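An overview of the molecular structure
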Amino acid sequence: MRTKFIFHLQRRRSISNWLPADLGAYLRGEPKVRQVGDPVLRETSSSVDPTVIQTPEFKILINNLVQVMRNKNGVGIAAPQIGVGLQVFALEYTGQHYKRLKEVHGFSDKEIKRMGIALVPLKIFINPTLKIIDSNMLAFREGCLSVAGYSAIVPRAKEVEVSGLDDTGNRVTWRVAGWPARIAQHEMDHLKGNLYIDTMLYKTFVNNEWQQFAK
Ligand code: CO
């Protein structure tokens, strides 16, 4: 099905080799999460032609993105992480995430409050821009599905405003503080080819399983 979106991707392909040969099959498959080292994670993503947002292929891309994020227990994911260098990211913070933080990772109510954890229903941003509202920096530990198994403390602005298109093509503006603001900044970074390891406090970088090796 050679719709407008496929043509859009093919045009991109002429200037970049990040797309696999069979675009239709790729979009219908189950993409893996690309890992640090993959050049697609270091490219600046292209903006999405707004006229393709309603095409079936673009909807498949969005569905895949959300599916991969949920399968991996992520709270955010950007399109380059599944090999597509377009300016699209998804984020959500569910009750399950909150429960895991408390019960599996043992965070106290006080810590959770300090981190500014808040539930966020699924949000999709296309061609987003980000404005810092409160530039006070908060430093907390975060990870990334593309740096699987590791985490580090990363300073991030306290409050931001994200503007862009949602998955129906409507213009949306979202002003948010605390943990969701951290996720938004992390995902915006992906669209610029930046990873948290570029701005982390280096000596706080850990293998999440390090204790397993110290027994
Ligand atoms: Co990430």
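Cut-off values and rules
Residues numbered from 1 in each chain as written. Predicted model: local features only at pLDDT ≥ 70, side-chain atom pairs only at ≥ 80, totals over all residues. Heavy atoms only, no water. Phe/Tyr/Trp six-rings, centres within 6.5 Å; stacked < 30°, edge-to-face > 60°. Helix = DSSP H or I, 4+ residues; strand = E, 2+ residues; numbered from the N terminus. Buried < 20%, exposed > 50% of the residue type's maximum accessible area, 1.4 Å probe, protein only. Core = buried A, V, L, I, M, F, W, Y, C linked by side-chain atoms within 4.5 Å. Contact = heavy atoms within 4.5 Å. Expected span 1.5 Å × (residues − 1). Donors = N, O, S within 2.8 Å, 3.2 Å for Na, K, Ca; no water. pLDDT = per-residue confidence, 0-100. 1 Å grid on protein atoms, 1.4 Å probe; cavity = no way out; pocket = protein on both sides within 12 Å on 5 of 7 lines; lining within 4 Å. Points joined across faces, edges and corners; volume = space filled by probe spheres on them. Nonpolar A, V, L, I, M, F, W, Y, C, P; charged D, E, K, R; others polar. Pairing = 2+ DSSP bridges.

**Some remarks on the packing of aromatic side chains**
The geometry of two aromatic rings is summed up by the distance between their centres and the angle between their planes. Throughout the structure, instances matching the rule amount to four aromatic pairs. A centroid spacing of 5.4 Å and a plane angle of 45 degrees characterise the contact between Phe 89 and Phe 125, whose relative ring orientation is tilted. Taken together, the positions of Phe 89 in strand S2 (residues 88-93) and Phe 125 in strand S3 (residues 120-142) put the pair 36 residues apart, joining distant regions of the chain. By relative accessible area, Phe 125 is classed as buried at 2%. Cluster of aromatic residues (ring-pair linked, three or more members): Phe 89, Phe 125 and Trp 174.

**Quick notes on the nonpolar core**
Membership of the largest hydrophobic core comes to 23 residues, with the highest contact counts inside it found for Val 48, Phe 58, Ile 77, Val 88 and Ile 126. Every element with two or more residues in this core is listed here: helix H3 (56-71), S2 and S3. The biggest single contributor to this core is H3, with seven residues. Those residues in contact with Val 88, other than ones at most four positions away along the chain, are Val 48, Phe 58, Ile 62, Leu 65, Ile 77, Ala 78, Ala 79, Ile 124, Phe 125, Ile 126 and Leu 191. Among the nonpolar cores identified, the runner-up in size contains 22 residues, and Tyr 93, Ile 112, Trp 174 and Val 176 belong to it.

**Topic: helix H6 (residues 179-191)**
The end-to-end C-alpha distance of H6 is 19 Å, a good match for the 18 Å that 13 residues give at a rise of 1.5 Å each. Summarising burial for H6: 13 of the 13 residues are buried, a large majority.

**Focus on the coordination of the cobalt ion**
Taken together, the protein ligands of the cobalt ion are Cys 144 (SG), His 186 (NE2) and His 190 (NE2), with distances of 2.1 to 2.3 Å. Motif for the cobalt ion, donor spacing along one chain: C-x41-H-x3-H. Taken together, the positions of Cys 144 in the loop between S3 and strand S4 (150-165) and His 190 in helix H6 put the pair 46 residues apart, joining distant regions of the chain. You'll find Cys 144 and His 190 in the same group, each marked buried.

**Describing the confidence of the model for the chain**
When pLDDT is averaged across the chain, the result is 90; 88% of the residues are at 70 or more. Taken together, the stretch residues 14-21 has pLDDT below 50 and engages in 13 contacts with residues farther than four places along the chain or on a different chain.

**Looking at empty space enclosed by the protein**
On inspection of all chains with the given rule, the structure shows one cavity of 30 Å³ or more. In terms of lining residues, the largest cavity is bounded by Met 115, Leu 138, Phe 140, Arg 156, Ala 157, Lys 158, Gly 178, Trp 179 and Arg 182. Taken together, the elements giving at least two residues each to the lining of the largest cavity come down to S3, S4 and H6. Sort the elements by how many residues they give to the lining of the largest cavity and S4 lands first, with three residues. Classifying every residue of the lining of the largest cavity gives five nonpolar, one polar and three charged.

**Some thoughts on the pairing of S2**
Taken across its six residues, S2 has six buried, putting it largely inside the fold. Across the two faces of S2 the burial is the same, with Val 88, Ala 90 and Glu 92 and Phe 89, Leu 91 and Tyr 93 all buried. In this sheet, S2 lies alongside strand S1 (residues 76-78) in antiparallel orientation, the contact comprising three bridges. Paired with Ile 77 across the two strands is Ala 90, which belongs to S2. Summarising the sheet, S2 and S3 pair through five bridges and their orientation is antiparallel.

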